[in-house]
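What follows is each chain in one-letter form.
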Amino acid sequence: MKALPLAATLMACWLLAACGRSPDAPDETSQVEADAHQDADAHADEAEHADSTVIPLKIATDSGIQVAPAAAGTIADEHEVQGLLTPVDGSIAQAVARFPGPVRALRANVGDTVRAGQALASIESNLSLTSYSVSAPISGVITARNAQVGGAVGEGAPLFEIADLSMLWVDLHIFGRDTQHITAGVPVTVTRMTDGVSETTTLERVLPGTATASQSTVARAVLHNRDGLWRPGAAVKARIVVASTPAALVVPLTALQTLEGREVVFVRTGDDTYTAHPVELGARDATQVAVLSGIALGDAVVVAQSYVVKADIGKGSAEHEH
Ligand SMILES: [Zn+2]
C-alpha cells in the first residue's frame, strides 16, 4: 500500500485544524489521521501515526518514562561567570621571632594544620641566652616556613606563614551592563573546576571600581571551605541567580526533543498514548523553559526519558513509510 509522504503526514498532524489529505492517498490513511485527532483512545490508529505512538504502561514505567502536568512556574535569570578563590583579608598571619638568635627547633611543616597558641619554633635569645618559643597567632594551615634549625634569625623575622582557609572569598568577574544588574544578596552557586563539586552561597557585595586589566567588576561571595579542598588561587565557575520571572507554562528541559527539525514535547493521553506537540518556547534557565504555545495547562508532558518516546515514534514512522 502506498502511504502519504512522511513530511506531508507530519505537517497534517501539526496543523490539527487543517488535516491536509493528499487526493491520491488511500482513504484508509486519511481515516487514520482523522481518528488520531478526534479520538485519543484509538490506540491502534495512533500507533501507525507518524507523530504519535503507543507505549504500554509497564514498558513505559520500566523505561523510566515519567509524565508531569504542565504547570505555571518561574524562569530564573541566571548568569554564568568565572572567578578566583582568594584568602579572606586578615586570614593570613605570620609567626615571627621576638628576639634575635639561633633557631633551636622547628615544630611544624608546610601543610600542617595548627591551632592558635601552638608552639611552632624554639629560639635561643642572644639577649638572655635562654630559649623562648614562637607560637601560632591564628589557627590555620602552614603555607610557608622561612627558617632552618641552627640558622640565626633577626628580631621580627617571619618564621612561618599561616592561613586560615576555613572561609574564602570568591571573586567573580562581571562585565558591562551586568554590573548594574547583579546586586548583593542574590544566590550564587560556585563550582570547582577540578571535580565539579558545588557550594551555594550568597553574593556579599559588588566591589566599587573596575579591575583595569580585564575591565570587569568584582562581585564577592564568602565560601565556607567545608571539605578543605577549595584552594586560594584556584579558578572557579559560578552561577548567579539574579531574578525569577513567573511564566504561565513551563516544562523541564528534559521534556524537549527535536522531531523533524522542530522542537516538541510529548503529551500522554490515556495511560499509553504519546503524541508529539511542536512547541513555541520562551525564556529558559538551566533546568526549565517557558512554553508559549503548543501545549495546555495540565497536559501530561513526558519529563523523563523523552528520547525513548522519540525513538519509538521514529521507529513507527519508519514502518509507516514502507
Ligand atoms: Zn540577567
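Peer 1: When you look at the overall build of the protein in this model, what are you seeing that I'm missing?
Peer 2: Regarding its fold elements, the protein presents 6 helices and 22 strands. Counting every position in the protein, which comprises 322 residues, the buried fraction comes to 40%. Within the protein, residue pairs in contact and separated by at least 24 positions form 67% of the contacts whose partners lie at least 6 positions apart.

Peer 1: What should I look at first to understand the coordination of the zinc ion in this one?
Peer 2: For a metal bound by four donors in tetrahedral geometry, the ideal donor-metal-donor angle is 109.5 degrees, whereas six donors in octahedral geometry ideally sit at 90 or 180 degrees. Protein coordination at the zinc ion: the donors are D77 (OD), D77 (OD), H79 (NE2) and H181 (NE2), at 2.1 to 2.6 Å from the metal. Coordination geometry of the zinc ion: the 4 donor atoms subtend angles of 54 to 131° at the metal centre, consistent with an arrangement described as irregular. Relative accessible area serves as the criterion here: at 37%, H181 is assigned to the partly exposed category.

Peer 1: When you look at the pairing of strand β20 (residues 280-284) in this model, what are you seeing that I'm missing?
Peer 2: Relative to strand β21 (residues 288-293), β20 is paired through 3 bridges, and the arrangement is antiparallel. Of the residues in β21, the one forming a bridge with E280 is S293.

Peer 1: Which parts of the structure should I look at to understand the confidence of the model for the protein?
Peer 2: Predicted coordinates in regions of low pLDDT should not be interpreted in detail. The share of residues in the protein with pLDDT of 70 or more is 82%, and the mean pLDDT across the chain is 85. Ranking the elements of the protein by mean pLDDT puts helix α1 (residues 6-14) last, at 39, and strand β22 (residues 300-304) first, at 98. With pLDDT under 50 throughout, residues 1-49 is counted as low confidence; its partners more than four residues away or in other chains account for 68 contacts.

Peer 1: Please explain the pattern of salt bridges as it appears in this structure.
Peer 2: Counted under the stated rule, the structure contains 8 salt bridges. E80 is paired through a salt bridge with R239; the nearest N and O atoms lie 2.8 Å apart. Here the residue E80 occupies a position in strand β3 (residues 71-87), and R239 occupies one in strand β16 (residues 235-252), the gap between them amounting to 159 residues. On the basis of relative accessibility, which here comes to 30%, the residue R239 falls in the partly exposed class. A salt bridge links R226 to E199; its shortest N-O distance comes to 3.4 Å. Taken together, the residues span a long stretch of sequence, with R226 in the loop between β15 (217-224) and β16 and E199 in strand β14 (residues 198-206) at a distance of 27 residues. The exposure class assigned to R226 is exposed, which follows from its relative accessible area of 61%. On the basis of relative accessible area, E199 is assigned to the buried category, the value being 17%. Look at the salt bridges and you will find they share partners, linking R192, D195 and D227 into a network.

The rules behind each value
- Residues numbered from 1 in each chain as written.
- Predicted model: local features only at pLDDT ≥ 70, side-chain atom pairs only at ≥ 80, totals over all residues.
- Heavy atoms only, no water.
- Helix = DSSP H or I, 4+ residues; strand = E, 2+ residues; numbered from the N terminus.
- Buried < 20%, exposed > 50% of the residue type's maximum accessible area, 1.4 Å probe, protein only.
- Contact = heavy atoms within 4.5 Å.
- Donors = N, O, S within 2.8 Å, 3.2 Å for Na, K, Ca; no water.
- Tetrahedral: all angles 85-135°; square planar, octahedral: opposite > 155°, others 65-115°.
- Pairing = 2+ DSSP bridges.
- pLDDT = per-residue confidence, 0-100.
- Salt bridge = Lys/Arg side-chain N within 4 Å of Asp/Glu carboxyl O.

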